[in-house]
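One letter stands for each residue in the lines below.
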Amino acid sequence: MQRQNELKSWLHSVYPDATFELSFAAADADFRRYFRATFSDGHTVICMDAPPDKMSVAPYLKVQKLFDMVNVPQVLAVDEADGFMALSDLGNTTFLTAMQFDTREEVHKTLLLEAIDELVVLQTASRPGQLPPYDHEVMLREINLFPEWFAAKELGSPFNEAQNALWRQTADTLLPPLLAQPQVYVHRDFIVRNLMLTNGRPGVLDFQDALYGPVSYDLVSLLRDAFIEWEEEFVLDLVIRYWEKARAAGLPVPDAFDEFYRNFEWMGVQRHLKVAGIFARLYHRDGKDKYRPEIPRFLNYLRRTSRRYHELAPLYALLLSLVGDEERETGFTF
């Protein structure tokens, strides 16, 4: 409550002649919280509260400027020292909310194609040297969340010697092809919960962890999501649509679709291992349980992909030893 009062005081200093009501809008998986200030004339502003002892708003400010070719919130005022920010309001309807409200496949496809168009715009503007690299160290650190938090904490089953061997084989096989993919701006969480339904172009949120990395990463984030799942044929069609749009825009995707789809699937393995570990960590370390029911969805993604490629047989064997082959129900599916 103290932070909220401090935020109110700061906002009064930014808008000294205005009256407003502050209401909770959203919270992230990290320490940030968002509030909506509704002014007496009806207009609204989103206020970010990022406790400075926990995090810095500097990455957000840097990427916000870099991603100005897409519809990101505009920074209206900022106090970096105290971790407060006033942002333009992109509304309160995420793509996920819209998809849960209207479950028709054609509606979902329309929204996802809009998201893909924005992704192509973002990637086309990519320039090297602007963002930290999505390199081997980062990717390895991310996938190691799987043994550390999913296996050891969620399952209570740290890897034994045989499982460690399978894990080393998996990392040694998986990461080099991912690092060899052409590089672009990577949002890193380009998911339907971070896209806003607005008049005109979709709003893009939660971009502060962006890196420069594999061209297939954000598409995997979008189409192999944590909170909603589509049939494989539906996803395949949208991957083809992206690939066609990317080629037309001059993006560095392979000329052969089969090669791109393999890149997409293997990139997904890296992300799914990471997210399963993160969701377990959010529960066991941070006491946040809303993400935990979605872990089985990522296990399902991992089993399906590791079954398809003989090079990923060590990962499939590892998954069998940990969770078996039976696909499990997840929190919310269509």
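Just above sits the structure.
Report on the accompanying structure. A quick note: this is a predicted structure, and the numbers were derived from the prediction, not measured.

Here's the deal with the sheet that holds strand 4 (residues 75-79)
Within the open sheet, the five strands sit side by side as 1-2-3-5-4. Their pairing is antiparallel. Strands with a single pairing partner mark the edges of an open sheet, and in this sheet they are strand 1 (20-27) and strand 4. Recorded for the sheet is a direction-independent mean angle of 20° between the axes of neighbouring strands. Relative to strand 3 (residues 44-49), strand 2 (residues 33-39) runs antiparallel, the two sharing six bridges. Looking across to strand 3, one finds that Arg36 is bridged to Ile46.

So, a negative patch on the surface
Side chains of Glu105, Glu106, Glu231 and Glu233 sit close together on the surface and give a patch of like negative charge. On the secondary structure map, Glu233 appears in helix 9 (residues 232-248). Judged by its relative accessible area of 68%, Glu233 is exposed.

With respect to the pattern of salt bridges
All told, the structure shown has 26 salt bridges when counted by the stated rule. A salt bridge links Arg104 to Asp102, with the shortest nitrogen-to-oxygen separation between them at 2.6 Å. For Glu142, the salt bridge identified is with Lys274, shortest N-O distance 3.5 Å. Here Glu142 is found in helix 5 (residues 136-143), whereas its partner Lys274 is found in helix 10 (residues 257-284), with 132 residues between them in sequence. The same class applies to Glu142 as to Lys274, namely buried. Shared partners join several salt bridges into a network, and the residues in it are Arg224, Glu229, Glu232, Glu265, Glu294, Arg297, Arg304 and Arg308.

Cut-offs and rules
Residues numbered from 1 in each chain as written. Predicted model: local features only at pLDDT ≥ 70, side-chain atom pairs only at ≥ 80, totals over all residues. Heavy atoms only, no water. Pairing = 2+ DSSP bridges. Helix = DSSP H or I, 4+ residues; strand = E, 2+ residues; numbered from the N terminus. Axes fitted to C-alpha atoms, helices over the stretch in contact; angles between N-to-C directions. Patch = residues over 30% accessible without salt bridge, like charges linked within 9 Å, V, L, I, M, F, W, Y side chains within 5 Å. Areas by Shrake-Rupley, 256 points an atom, 1.4 Å probe, with all protein chains shown as cover. Salt bridge = Lys/Arg side-chain N within 4 Å of Asp/Glu carboxyl O. Lys, Arg positive; Asp, Glu negative; His and termini not counted. Charge placed at Lys NZ, Arg CZ, Asp CG, Glu CD. Buried < 20%, exposed > 50% of the residue type's maximum accessible area, 1.4 Å probe, protein only.

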